[in-house]
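# Geometric and topological summary
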Amino acid sequence: MDDNNNNDAAAVDDRTFVETIIERIKSENPKERLFSITFDNFEELPSAKGHRVVSSRFSCFGNQWQVLIYPGGNSGDIVSLTGMVGVFLERCSEGRGMAIQYSFKFNGDEERMLRQGESIFDGSFDGSVSWGWNNFFPRSDIIDENGYLVKGALTIHVGIQLDEFIPKNPASSIMLKLFNDENSADVVFEICEHQKSDSESDRKRAKTSTEKLYHAHRFILQHYSAELAALCATSDGMTPIIITDVKPEVFRHLLYYVYGGDISDEDFAVHEKDLINAADKYGVTNLKLEAEVWYVNNTEITIDNVIDNLLYADAMNCALLKEAVMDFIVENKEEVMQRVSFQDVPGDVCKDLLAAVSRHYEKDSPGDDGEDETDVEKTYSKMRIRDLRQRLDAKGLDLDIDGSREALIANLKEPS
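Below or above, wherever it landed, is the structure these notes cover. In this text, all values refer to a predicted model and were calculated from it rather than measured experimentally.

So, how was this worked out
Residues numbered from 1 in each chain as written. Predicted model: local features only at pLDDT ≥ 70, side-chain atom pairs only at ≥ 80, totals over all residues. Heavy atoms only, no water. Buried < 20%, exposed > 50% of the residue type's maximum accessible area, 1.4 Å probe, protein only. Helix = DSSP H or I, 4+ residues; strand = E, 2+ residues; numbered from the N terminus. Pairing = 2+ DSSP bridges. Phe/Tyr/Trp six-rings, centres within 6.5 Å; stacked < 30°, edge-to-face > 60°. Lys NZ or Arg CZ within 6 Å of the ring centre and 35° of its normal. Axes fitted to C-alpha atoms, helices over the stretch in contact; angles between N-to-C directions. Left-handed = near helix turned anticlockwise from the far one by under 90°. Contact = heavy atoms within 4.5 Å. Nonpolar A, V, L, I, M, F, W, Y, C, P; charged D, E, K, R; others polar. Salt bridge = Lys/Arg side-chain N within 4 Å of Asp/Glu carboxyl O. Patch = residues over 30% accessible without salt bridge, like charges linked within 9 Å, V, L, I, M, F, W, Y side chains within 5 Å. Areas by Shrake-Rupley, 256 points an atom, 1.4 Å probe, with all protein chains shown as cover. Lys, Arg positive; Asp, Glu negative; His and termini not counted. Charge placed at Lys NZ, Arg CZ, Asp CG, Glu CD. Core = buried A, V, L, I, M, F, W, Y, C linked by side-chain atoms within 4.5 Å.

## Regarding the pairing of strand E11 (residues 130-138)
Most of E11 is tucked away: 7 of the 9 residues are buried. Where strand E8 (residues 84-91) meets E11, 5 bridges bridge the pair, whose relative direction is antiparallel. In the strand pairing of E11, Met84 is matched with Pro138.

So, in structure tokens, the structure goes:
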């Protein structure tokens, strides 16, 4: 394992205590407590080897913690390599021992710098034991002009979670057990898929190739989407609601998702567009977005299908797919101009095309991913769809994240 126990009982004057900006931030892991620790004027902090800089304390899981950084490396029991910065987590509270998992990451560095470890912090605290890494990251890379300092400040994200058995909330599994439960259901759907034929005699017979019943609960569907609620209102009691425009297996996936189930990659591969269409029609927004992400990442856009994908994206309001198409057009502009006709393309795609052009020509410019917070609204028009959706989701409001670029930006500009 890469983490190190730091037992260096350095003298008090080998420490510099600094006031740090500490914020609790949202983690994708519901069990993790994630904190943002900002050290101002990083380059001016003491950088003699073995000198530790101590953050302000913060509270987590009923304990006080602080972060230690060695701007010039550690000289304790395990010496840092030359030019490496050390980072450690220290428990400041006495009490019984506790097992935790912890992680450090530089702000904005989602892919390259993530260190995770597991430790058991004992019940005593004398300021001599901490856990982390002596060789966390090269100092030269941190202070480089394209490095990790923002206005001279270094921000480290610290994640802490208990390394104990904690049973899951059973609500989701209870919900999933109600899926297609005939005994408790109060509404039923009859999914009918008819054979298609050019033969007049076949049309007269109109044989049903598949009929499938799915049982559900009005209370759940009515609280999931307005479209499903409207469907429920058309049925009296257990009279089946007839649906003929969705394949039975696709409707089953949609209903299973509503009840908290996950759809496998294999099923997405088979039913990609069908799931987008059904989820869009019946208001299962998150499923539509997930299916769209899968489709975009598993579909090769070519000169031959670029317009079909663009028209489909526009018709289904698939902003992520439309963005991928626009990127392809910009990156292959000369061949597209020669071989592709835009006669049937609606005029409202111009803003999306301009956004793609802006991203293409500014992707190598400094600061593209780290805009000033005060000027962030100026960058909305050229931000990627995934970033707009993430920002909307982070606001924690009941805002629609399934919309065009213009709709997403308008929602972001709404006051929180």
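On we go from here.
## Observations concerning the packing of aromatic side chains
Within this structure, the stated rule accounts for 16 aromatic pairs. Judged by centre distance (6.4 Å) and plane angle (45°), the rings of Trp133 and Phe136 are tilted. Of the two residues, Trp133 and Phe136, neither departs from the other in class, the shared state being buried. Residue placement shows Arg252 over the ring face of Tyr256; its charged tip is 5.6 Å from the ring centre. The ring of Tyr312 is capped by Lys273, whose NZ or CZ atom sits 4.4 Å from the centre of that ring.

## Section: the environment of Ala233
Within the element layout of this structure, Ala233 appears in helix H5 (residues 226-233). Distance in space between the C-alpha atoms of Ala233 and Arg218 is 8.9 Å, their sequence separation being 15 residues.

## What about the packing of helix H14 (residues 385-394) against helix H15 (residues 405-413)?
In the contact formed by H14 and H15, the axes pass within 10 Å of each other and the chain directions differ by 35°. Here H14 and H15 pass one another in a crossing that is left-handed. The segment H14 lies against H15, with Ile385, Leu388, Arg389, Arg391 and Leu392 engaging Arg405, Leu408, Ile409, Asn411 and Leu412. Residues of the contact of H14 with H15, tallied by class, amount to 6 nonpolar, 1 polar and 3 charged.

## Notes on the pattern of salt bridges
Under the defined criterion, the tally for this structure stands at 13 salt bridges. Put simply, Asp393 and Lys26 hold a salt bridge, and the shortest N to O gap is 3.5 Å. Of this pair, Asp393 sits in helix H14 while Lys26 sits in the loop between strand E3 (21-25) and strand E4 (33-39), placing them 367 residues apart in sequence. The exposure class of Asp393 is partly exposed, given its relative accessible area of 46%. Residue Lys26 is classed as exposed on the basis of its relative accessible area, which comes to 60%. For the salt bridge of Lys288 with Asp280, the shortest nitrogen-to-oxygen distance reads 2.9 Å. By relative accessible area, which is 1% here, Lys288 ends up buried. Salt bridges linked by common partners bring Glu323, Asp327, Arg384 and Arg405 together as one network.

## Observations regarding a negative patch on the surface
Where like charges cluster on the molecular surface, the negative patch consists of Asp262, Asp265, Glu266 and Glu290. Its place among the elements puts Asp265 in helix H7 (residues 265-281).

## Observations concerning the environment of Arg405
Topologically, Arg405 is positioned in helix H15. The exposure class assigned to Arg405 is buried, which follows from its relative accessible area of 4%. Sequence separation between Arg405 and Lys382 is 23 residues, and the spatial gap between their C-alpha atoms is 9.6 Å.

## Concerning the nonpolar core
Counting 51 residues, the largest nonpolar core has Phe189, Leu221, Phe251 and Leu287 as its most contacted members. Those residues within four positions of Phe251 in sequence are excluded, and the remaining contacts are Phe189, Ile191, Tyr214, Ile243 and Val246. Core analysis: the next-biggest nonpolar cluster, separate from the first, contains 29 residues, Phe58, Trp65, Met98 and Ile156 among them.

## As for unusual backbone geometry
Phi is positive for Asn180, which is not a glycine, with a value near 55°. Topologically, Asn180 is positioned in the loop between helix H2 (171-177) and strand E14 (187-194). We note that Asn317 has phi near 60°; this positive angle belongs to a residue other than glycine. Inspection of the secondary structure assignment puts Asn317 in the loop between helix H9 (306-316) and helix H10 (319-331).

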